Amino acid sequence: MEHVLNDLTHSTVTNLPAGRINNADACLLLLRELGGSATTGQLRAGLRAWRPNLEFTYLFNTSDTGGYGFVGGDFLSTHNEVYHQGSDFDNGHTSRRRTYWYRFGRGKYNITAEGIRRLRELGLNLPTEK
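> Would you mind going over the overall build of the protein chain with me for this structure?
Within the protein chain, the regular secondary structure consists of three helices and eight strands. Across the 130 residues in the protein chain, those meeting the buried criterion constitute 42%. Of the roughly 7,600 Å² that the protein chain leaves accessible, carbon and sulfur atoms contribute 48%.

Right under this line is the structure:
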């Protein structure tokens, strides 16, 4: 079966012309492929088909619950403040993480305006856009 991520390899930095993508952008591409709306199960299944043996649950936790901050509050969400635990040499800090999708029901996600903006940065549109 053809899969949007088939020809891409994992990288910490996305570079689509070089065939590399990070996990968050990979999830965003899957969400795009599913028309901008999908369940957690659909997205995780697609990600696991691409990178077996990983769970990807962190992508769907809110920043309030220790997640990585990709989940926005609504369509217009752009960023979350994410706390990064410190070490012996660092007391920790916060950073702003872009929100690419938001939860609109239990286990259901839609793309945000920020997610659409990210797709355009990657040279892509939503399937319904010309």
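> Please explain the nonpolar core as it appears in this structure.
Inside soluble globular proteins, nonpolar side chains tend to come together where they are buried. Among the nonpolar cores identified, the biggest contains 27 residues, and Leu5, Leu47, Leu59 and Trp101 are the most heavily contacted of them. The biggest single contributor to this core is helix α1 (residues 23–33), with seven residues. Setting aside chain neighbours within four positions, we find Leu47 in contact with Leu5, Asn23, Ala26, Cys27, Leu30, Phe56 and Leu59.

> Before we go on, may I ask you to explain the packing of aromatic side chains in this structure?
We describe a pair of aromatic rings using the distance from one ring centre to the other and the angle between the two ring planes. Under the definition given, this model contains five aromatic pairs. Taking the centre distance of 6.1 Å and the plane angle of 35° together, the rings of Phe60 and Trp101 count as tilted. Of the two residues, Phe60 sits in the loop between α2 (40–50) and β4 (71–72) while Trp101 sits in strand β7 (residues 101–105), which places them 41 residues apart along the sequence. By relative accessible area, which is 4% here, Phe60 ends up buried. Overall, Trp101 belongs to the buried group, its relative accessible area being 0%.

> What should I look at first to understand the sheet that holds β4 in this one?
Picture the strands of a sheet paired through backbone hydrogen bonds; they go either parallel or antiparallel. Read across the sheet, four strands follow the order β3-β8-β7-β4 without closing on themselves; strand pairing throughout is mixed. Each edge of the open sheet is held by one strand with a lone partner, namely β3 (37–39) and β4. Looking at chain direction, β3 and strand β8 (residues 108–111) are connected through three bridges and run antiparallel. Looking across to β8, one finds that Thr39 is bridged to Lys108.

> Explanation requested: α1 in the structure shown.
Residues spaced three or four apart along an α-helix face the same direction, because each turn holds 3.6 residues. In terms of residue burial, α1 counts as a mostly covered element, since nine of its eleven residues are buried. Turning to α1, its buried residues number three or more, namely Asn23, Ala24, Asp25, Ala26, Cys27, Leu28, Leu29, Leu30 and Leu31. Capping the start of α1, Asn22 holds a side-chain oxygen 3.2 Å from the backbone nitrogen of Ala24, two or three residues further along. Positioned one or two residues after α1, Gly35 has a phi angle of 85°, which is positive.

Calculation notes
Residues numbered from 1 in each chain as written. Predicted model: local features only at pLDDT ≥ 70, side-chain atom pairs only at ≥ 80, totals over all residues. Heavy atoms only, no water. Helix = DSSP H or I, 4+ residues; strand = E, 2+ residues; numbered from the N terminus. Buried < 20%, exposed > 50% of the residue type's maximum accessible area, 1.4 Å probe, protein only. Areas by Shrake-Rupley, 256 points an atom, 1.4 Å probe, with all protein chains shown as cover. Core = buried A, V, L, I, M, F, W, Y, C linked by side-chain atoms within 4.5 Å. Contact = heavy atoms within 4.5 Å. Phe/Tyr/Trp six-rings, centres within 6.5 Å; stacked < 30°, edge-to-face > 60°. Pairing = 2+ DSSP bridges. Polar contact = N/O pair within 3.5 Å; in protein donor to acceptor, adjacent residues only side chain to side chain.

Fair warning: the whole summary comes from geometry, so function is off the table for now.
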